[in-house]
Structure formats: structure tokens, C-alpha cells
Amino acid sequence: MIRSLQFITEAVSGQLSAESINALQVYGVSTDSRSVQQGNLFIPLDIGNQFDGHNFVTAAFAKGATASLWQRDRTDPPSGYPLIYVEDTLIALQQLAKAYRSQLSVRVIGITGSNGKTTTKDLVASILETTYRVHKTKGNLNNQIGLPMTLLQLAEDTEMAVIEMGMSERGEIKLLSDIAQPDVAIITNIGESHLMQLGSREEIARAKLEIVSGLKENGLFVYNGDEPLIERMMTEIPHPANRLQYRYGFSPNNDSYPAAIMLEEEGTFFQLNRVNSLNFFMPLLGKHNVINALAAIAVGKFMGVCEEDIVKGLRSLTITSMRTERVPAASGAMILNDAYNASPTSMRAGIDLLSELKGYRRKIVVLGDMLELGEDEIRFHQEIGHLLSPRSIDLIFAYGSLARHIAEAAETNFAKSQVKWYSDKTMLIRDLTAVVTVGDLVLVKGSRGMKLEEIVFALKDGEV
């Protein structure tokens with residue numbers, strides 16, 4: 001973002017410390033005084049009891065900031081610096097992002113869902129990049145701070161912005177959608193994540209459907225048609241006559257579904273449900289990821305990308321790390337690093353993927369706690385344990401207090417020597433490293449808070 005202090009002041013309904021500096025230009029925005037660049041606008045945020053960014057405003061100016069916001073209820077603003085006084089710096093950040101986005105000709109694709117948001121974001125961006133100048137959410141910056149910052153990173157000539165939208169409670173997706181004003185809104189699925197906060201899958205569906213609140217006129221709503229909750233809850237919200245809708249999934253009742261899928265060691269081939277479908281390939285494993293690709297293909301076609309370029313975009317895909325990422329181990333085994341997050345839905349998808357992959361000596365799962373599942377968390381872990389089958393899995397390593405229920409349930413189908421549970425990650429790494437060898441396939445999956453990537457790194461480097 002390159003804008004004058006006058007534009008910023010008006011966008012955030014603020015008051016500039018001196019009218020004479022109205023014409024000063026700001027080059028980019030920062031909320032972290034350590035990473036301020038020359039010309040930035042610094043936005044000091046109050047992050048609960050962790051820290052208050054107002055304490056670092058002077059440091060931000062020393063690093064080269066042109067101006068800073070200042071929340072009116074904070075005392076002792078530094079003198080002699082260009083300040084814009086606002087009621088709430090977080091709200092001001094969001095107002096600024098919305099005002100800046102409204103001035104751009106960029107088309108925005110907003111993506112939400114319980115699972116698959118980041119993979120779908122990467123798929124959509126890879127397809128669009130064959131034809132347009134594209135910016136996508138970096139990492140997991142998908143919340144009430146990350147999304148505005150992503151929009152403020154857009155260059156004037158950006159043609160497509162692929163924006164991920166996360167949430168933990170009702171109202172958050174509505175806020176993000178109203179800021180981003182998407183031309184396309186995608187819901188990947190409705191899972192069990194956030195049951196602790198929202199209480200039911202119906203409430204999760206209502207929260208995800210908030211994404212259509214900011215959808216532009218004549219916009220496209222793309223959703224997983226295999227999830228009946230989406231259409232059931234859609235009856236509760238307005239349905240503008242000019243909104244386009246597109247369903248995708250496994251079922252032939254959808255607008256788009258896979259007619260054929262073939263998994264190979266390096267990725268997945270598939271065809272669509274239409275005459276003379278091209279052969280698509282992506283360097284990503286799993287039937288569930290084919291479904292994510294269907295959403296991306298729909299967006300590409302809506303945005304005018306030709307089918308040959310869609311094929312090219314999928315083939316050149318680069319995935320954000322820790323999403324079914326293939327990592328060679330020092331022992332000669334292959335690791336499927338899916339350690340970024342976990343829910344019952346994504347855990348089942350990972351287990352299904354193991355059963356589909358052929359040609360490995362043994363298949364080993366390393367499963368951690370699935371967090372934020374509410375009062376039924378023990379049952380969900382037990383169900384995963386019962387789902388594990390000795391026909392497709394040879395060894396089970398479980399880590400965490402909740403994953404203990406996975407191990408106990410799995411013991412009803414496995415020999416006791418095939419199932420191990422740990423409360424100590426170091427002990428797990430020691431025992432796992434001792435048995436993993438050439439030809440093994442190891443799936444590592446658990447919630448973010450379990451930090452199972454530490455196990456992946458140990459196997460990769462051969463360290464105990």
C-alpha cells in the first residue's frame with residue numbers, strides 16, 4: 001500500500017496530529033516494530049496481556065516509520081512524530097484494509113472451511129498464476145489481523161488475491177468477508193474443529209456461511225456439495241438472485257466430481273465428469289485433495305483461465321509446508337508430514353490415504369491429540385482408534401493425553417506390540433527412530449499444539 005496520511009486518516013476516521021503533514025506518503029504497514037521498513041505506517045496493537053504495541057511506537061520511528069496510529073485511551077503519546085489518533089487500533093487496521101481493497105481493481109477469492117483451506121488456497125493460486133498477477137495469504141495469516149495485513153500487502157497491479165479466512169467463533173468470518181469483499185467465496189467442508197467454542201456442526205456451518213455476507217454482486221459461491229449442512233443452513237441466509245453457485249465433491253449430484261482417480265508415488269492423476277476430460281496431475285497425494293482441486297478448477301474457469309493452463313497450474317503446484325508433505329527420512333523411509341493440524345475429518349482422510357498408497361514395506365502412523373473438540377473429544381479419539389486397521393497399518397505410535405484413547409481403541413484390533421502410547425515426545429522419537437527403516441511409510445498427524453513436526457525433523461535428520 002502506498003497512500004497519503006490524509007487517505008489513511010479518513011479511512012480510519014482518525015485525527016492527524018498536524019494538518020501540515022497530510023500529504024506525507026506511507027509505504028506499507030507493519031504491526032511489529034522489529035520488522036518496520038523505511039516509510040511504513042506502524043499500527044500498535046494491544047494483544048491481550050501479552051504486550052501493548054504502543055510501548056514500541058518510538059522504536060518503530062527509530063527504524064524508519066513515517067507515521068503511527070495511536071489509540072486515544074493510551075496516555076503519553078510521543079511528541080514530535082506524525083500520529084493518527086483513533087478509537088481502536090485493531091478496528092482502524094481493518095477499516096484501512098477495507099478502504100484500500102475498495103480502491104483496487106483486484107478480484108478476491110475468499111476461502112474458508114474446517115479443513116483444506118490452505119491446500120485449496122495453494123491450488124487456486126497455482127492455477128491463477130498461469131494467467132494473472134496473483135497474491136495469496138502467506139502461511140496462516142487468516143484471522144482478524146492477518147487478513148487485513150494480507151490485503152494491505154497487495155500491489156496496485158495485483159489482479160487476483162487468494163485470501164484464506166479462519167475463525168474461532170461466530171461473527172469472525174462475516175467480519176473478514178466484509179473487509180475482503182470477495183468475488184468468489186469457497187467453503188471446503190464442515191468438520192469438527194471448533195466444536196469446543198461453537199457446540200455443534202450446525203453452528204460451525206452457520207459460522208462458515210458468513211463468508212457469503214461480503215460476496216460481491218454477481219459473485220460465485222463454490223461449496224462442497226457432499227456436505228448437506230451447507231445447503232440446509234443456506235436457507236437461513238438471504239439468497240440474492242444474481243449470486244452464482246457451484247457444487248463440487250465425490251457425489252454425481254454435484255456440478256463437478258472426479259470420474260477417475262489414480263494415485264502415484266509423486267502425486268495424483270484424475271479426470272472430471274465430462275466428455276473428453278483432460279488428464280489432470282498434481283504433486284499432491286490423496287483423494288480428498290482431488291476434491292480440493294475441483295474447487296480450484298471451478299475458480300480458474302470462472303476467472304477465464306483456459307483448461308490447458310489449469311492443467312499446467314496444477315502440475316506446477318507448490319504446497320505450504322506440513323500439509324501431506326513428502327519428506328525423505330535419513331533411514332530411507334518416506335514421511336508424510338501432515339503435522340500442521342488435525343480434526344476427525346482430516347485424520348480420517350490421512351488414514352484413508354495410507355490405505356490407498358501401495359508399494360511400501362510397512363505403514364506406520366504417528367498420531368497426536370486432536371484439540372478443541374469439546375465434550376465429545378474422547379469419543380472422537382476412540383473412533384479414530386477403531387478406524388485403524390491392521391490390513392493397512394503395521395505400527396501405531398500415539399502421543400498425548402487424548403491420543404491415549406486412540407491407542408486403547410486400536411488395541412482391540414491390533415496386537416499389543418503394534419500399538420505404543422507416549423506422554424514423552426523424546427521417548428517416542430527414540431523408539432520410532434529405532435524401528436523405521438528403508439521402504440517404510442510414516443504418516444505424522446496431530447493438532448498444531450502438539451508440535452509433531454519435531455518428530456518429522458528428527459526422522460529427517462536421523463537424530464534421537
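The rules we used
Once a new chain begins, its residue numbering starts again from 1 and follows that chain's sequence as written. For this predicted model, a pLDDT threshold of at least 70 governs which residues receive local features, and a threshold of 80 or more governs which side-chain atom pairs are given and counted, while totals over whole chains, interfaces and linings are taken from all residues. Computation of side-chain values: all heavy atoms of the structure, hydrogens and water removed. For helices the rule is a DSSP run of H or I covering at least 4 residues; for strands it is a run of E covering at least 2, with both sets numbered from the N terminus onward. With the radius of gyration taken over C-alpha atoms, the globule rule is written as 2.2 Å times the number of residues to the power 0.38. The rule is simple: take the accessible area with a 1.4 Å probe, protein chains only, and divide by the maximum for that residue type; under 20% is buried, over 50% is exposed, in between is partly exposed. As used in this record, nonpolar core signifies buried Ala, Val, Leu, Ile, Met, Phe, Trp, Tyr and Cys residues forming a set joined through side-chain atoms within 4.5 Å. Should DSSP find at least two bridges between two strands, the strands are taken to pair. A fitted line through C-alpha atoms represents every axis, and for helices the fit uses only the stretch in contact; the resulting angles, taken between N-to-C directions, go from 0 to 180 degrees. Throughout, a contact is declared for two residues whenever any of their heavy atoms are within 4.5 Å. Note on aromatic contacts: the rings of Phe and Tyr and the six-membered ring of Trp form a pair at centre separations within 6.5 Å, being stacked when their planes are under 30 degrees apart, edge-to-face when over 60 apart, and tilted otherwise. Definition used: whenever NZ (Lys) or CZ (Arg) falls within 6 Å of the ring centre and also within 35 degrees of the ring normal, the charge is taken to sit over that ring. To sort the angles, those under 35 degrees are grouped as roughly parallel, those over 145 as roughly antiparallel, those from 65 to 115 as roughly perpendicular, and the leftovers as oblique. For any helix crossing, the convention is left-handed if the near helix is rotated counterclockwise from the far helix by under a right angle, and right-handed if that rotation is clockwise.

A. Examining the overall build of the chain more closely. For the chain, the helix and strand inventory stands at 16 helices and 24 strands. Compactness check: the chain gives a C-alpha radius of gyration of 24 Å against a globular reference of 23 Å for 464 residues, within 12% of the reference. Dimensions of the chain, computed from C-alpha atoms along their principal axes, come out at roughly 75 × 55 × 40 Å. Every one of the 464 residues in the chain was classed for burial, and the buried ones make up 56%.

B. Broad picture of the nonpolar core. Counting residues in hydrophobic clusters, the biggest one holds 84 residues, and the most contacted among them are Ile 8, Leu 41, Leu 96, Phe 221 and Leu 388. Ranked by the residues each element gives to this core, the list is headed by helix α3 (residues 89–103), at five residues. Core analysis: the next-biggest nonpolar cluster, separate from the first, contains 33 residues, Leu 128, Phe 280, Leu 294 and Leu 317 among them.

C. Expanded view of the sheet that holds strand β17 (residues 267–272). Spatially, β16-β17-β18 is the arrangement adopted by the three strands of the open sheet, whose pairing is antiparallel. Edge positions in the open sheet fall to β16 (258–264) and β18 (280–282), since each of these has one partner strand only. Adjacent strand axes in the sheet meet at a mean angle of 20 degrees when their direction is disregarded. Here β16 pairs with β17 via six bridges, running antiparallel. Bridge pairing links Met 262 to Phe 269 in β17.

D. Spatial organisation of the pairing of β17. Counted between consecutive antiparallel strands, the loop separating β16 from β17 contains two residues. Direction of pairing for β17 relative to β18: antiparallel, over a ladder of three bridges. Pairing of Thr 268 across the sheet is with Met 282, part of β18.

E. Inspection of the sheet that holds strand β11 (residues 134–136) at higher detail. With parallel pairing, six strands are arranged side by side in an open sheet as β11-β12-β10-β13-β14-β15. Unpaired on one side and paired on the other, β11 and β15 (244–248) mark the two borders of the sheet. Geometrically, the sheet is characterised by an average inter-axis angle of 15 degrees between neighbouring strands, direction not taken into account. Here strand β10 (residues 107–112) pairs with strand β12 (residues 160–164) via five bridges, running parallel. The residue bridging Arg 107 from the neighbouring strand is Met 160, located in β12. Sheet strands touched by helix α10 (residues 287–302): β10, β13 (184–187), β14 (220–224) and β15. Its angle to β15, the strand with the most contacts, is close to 150 degrees.

F. View of the packing of aromatic side chains. All told, the structure shown has six aromatic pairs when counted by the stated rule. Each ring, one from Phe 61 and one from Tyr 81, has its centre 4.3 Å from the other, and the planes form 10 degrees; the classification is stacked. Placement of the pair is Phe 61 in helix α2 (residues 57–62) and Tyr 81 in the loop between β8 (67–71) and β9 (83–86), with a sequence separation of 20 residues. Considering the side-chain rings of Phe 269 and Phe 281, the 4.7 Å spacing of their centres and the 45 degrees angle between planes classify their relative orientation as tilted. One end of the pair, Phe 269, is in strand β17; the other, Phe 281, is in strand β18, with twelve residues separating them in the sequence. Judged by relative accessible area, which is 10%, Phe 281 ranks as buried. Positioned above the aromatic ring of Tyr 340 is the side chain of Arg 323, whose terminal nitrogen or guanidinium carbon lies 3.7 Å from the ring centre. Between the NZ or CZ atom of Arg 379 and the centre of the ring of Phe 380, over which it lies, the distance is 4.7 Å.

G. Representation of the packing of helix α4 (residues 117–128) against α10 in the model. Where α4 meets α10, the axes come as close as 9 Å, and the angle between the chain directions of the two elements is 40 degrees. For the element pair α4 / α10, the angle class is oblique. Crossing handedness for the pair α4 and α10: right-handed. Seen from α4, the contacting residues are Thr 119, Thr 120, Leu 123, Val 124, Ile 127 and Leu 128; seen from α10, they are Asn 289, Asn 292, Ala 293, Ala 295, Ala 296, Ile 297, Val 299 and Gly 300.

Keep in mind these values describe shape, not function.
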